[in-house]
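Topology and contacts: notes
Chain by chain, the residues run as shown.
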Amino acid sequence: MSLEKIPDLIRIESLSNDEMNEKMVEQTHAVYPHEEAYGPCFTLEITIDVPPSDIYEYLIDPLMISEWSYGLRNGLETQKSNESSTRSFMFTNQGGEQATVYCQISSHRSVMTIDYQWAEKTIENITSTEFLRIIPATNALNRTGSVLLWTSCLYPGSLKFGTGIRTLKDLGITDQWKQASVQRRIELNNIKCIQQHRHPQGSDQ
């Protein structure tokens with residue numbers, strides 16, 4: 001499955017840590033109060049010219065995280081619960097520290113929602129959770145496609161942010177979370193680029 005032909009895709013294979021850092025610094029502004037913009041939770045949205053069902057199928061597949069994430073690679077399933085809607089995976093974070101991070105994904109097809117729980121060391125050591133909702137653009141904007149809402153929340157007491165957002169080893173904890181929304185925005189655009197490139201060609205393009 002080739003990604004090289006997709007324009008505007010930003011991954012560690014095409015943009016170094018230093019270049020990614022520069023890009024995030026350029027897009028991080030200091031004209032608003034820190035707590036207002038970078039509290040424990042933030043929500044982003046993006047419109048994608050692909051049907052909601054296609055977006056949903058893509059995002060519930062943990063192995064696809066290695067496509068749209070800036071630095072998470074080599075996903076391996078660690079356990080599968082009795083509920084088919086919940087799966088656990090581990091990834092290598094190649095964006096700086098080569099650390100192992102864990103992800104548990106729970107999905108609810110009837111309401112088109114997906115939850116990612118991120119952890120370090122063990123799946124129980126949760127550091128952050130992300131809540132996704134896919135909305136038909138016909139309902140929201142009277143147009144074809146989808147609206148993807150993405151809420152990221154940092155767990156209280158987390159000493160460091162241990163997901164795909166923590167990719168730059170030289171950033172302190174405050175800067176990591178301050179730039180988290182910028183990196184997530186970049187990764188949301190990666191999802192959009194990949195999906196719009198493949199649809200309606202099919203997932204094998």
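Scope of this entry: the structure provided in the associated data block. (Residues numbered from 1 in each chain as written. Predicted model: local features only at pLDDT ≥ 70, side-chain atom pairs only at ≥ 80, totals over all residues. Heavy atoms only, no water.)

1. Concerning the packing of helix 1 (residues 17-27) against helix 7 (residues 180-198)
- Between helix 1 and helix 7, whose axes approach to 9 Å, the crossing angle comes to 110 degrees. In terms of axis orientation, helix 1 runs roughly perpendicular to helix 7. Residues Met20, Lys23, Met24 and Gln27 of helix 1 form the contact with helix 7, whose participating residues are Val182, Gln183 and Ile186.
- Residue classes in the contact of helix 1 with helix 7 are distributed as four nonpolar, two polar and one charged. (Axes fitted to C-alpha atoms, helices over the stretch in contact; angles between N-to-C directions. Helix = DSSP H or I, 4+ residues; strand = E, 2+ residues; numbered from the N terminus. Parallel < 35°, antiparallel > 145°, perpendicular 65-115°, else oblique. Contact = heavy atoms within 4.5 Å. Nonpolar A, V, L, I, M, F, W, Y, C, P; charged D, E, K, R; others polar.)

2. Considerations on the pattern of salt bridges
- The full count for this structure, using the stated rule, is eight salt bridges.
- The shortest N-O distance in the salt bridge between arginine 11 and glutamate 13 comes to 3.3 Å.
- The exposure class assigned to arginine 11 is buried, which follows from its relative accessible area of 13%.
- We note a salt bridge from glutamate 13 to arginine 73, for which the minimum N-O separation is 2.8 Å. (Salt bridge = Lys/Arg side-chain N within 4 Å of Asp/Glu carboxyl O. Buried < 20%, exposed > 50% of the residue type's maximum accessible area, 1.4 Å probe, protein only.)

3. Considerations on the packing of aromatic side chains
- Across all of its chains, the model carries six aromatic pairs by this definition.
- Arranged with centres 6.4 Å apart and planes meeting at 5 degrees, the rings of tryptophan 68 and tyrosine 116 form a pair that is stacked. Placement of tryptophan 68 in helix 4 (residues 65-68) and of tyrosine 116 in strand 5 (residues 113-120) is noted, with a sequence separation of 48 residues between them.
- A relative accessible area of 0% places tyrosine 116 in the buried class.
- Geometrically, the ring pair formed by tyrosine 116 and tryptophan 118 is edge-to-face, given 6.3 Å between the ring centres and 90 degrees between the ring planes. With respect to burial, tyrosine 116 and tryptophan 118 carry one shared label: buried.
- Taken together, the ring pairs in this structure connect Trp68, Phe89, Phe91, Tyr116, Trp118 and Trp150 into an aromatic cluster. (Phe/Tyr/Trp six-rings, centres within 6.5 Å; stacked < 30°, edge-to-face > 60°.)

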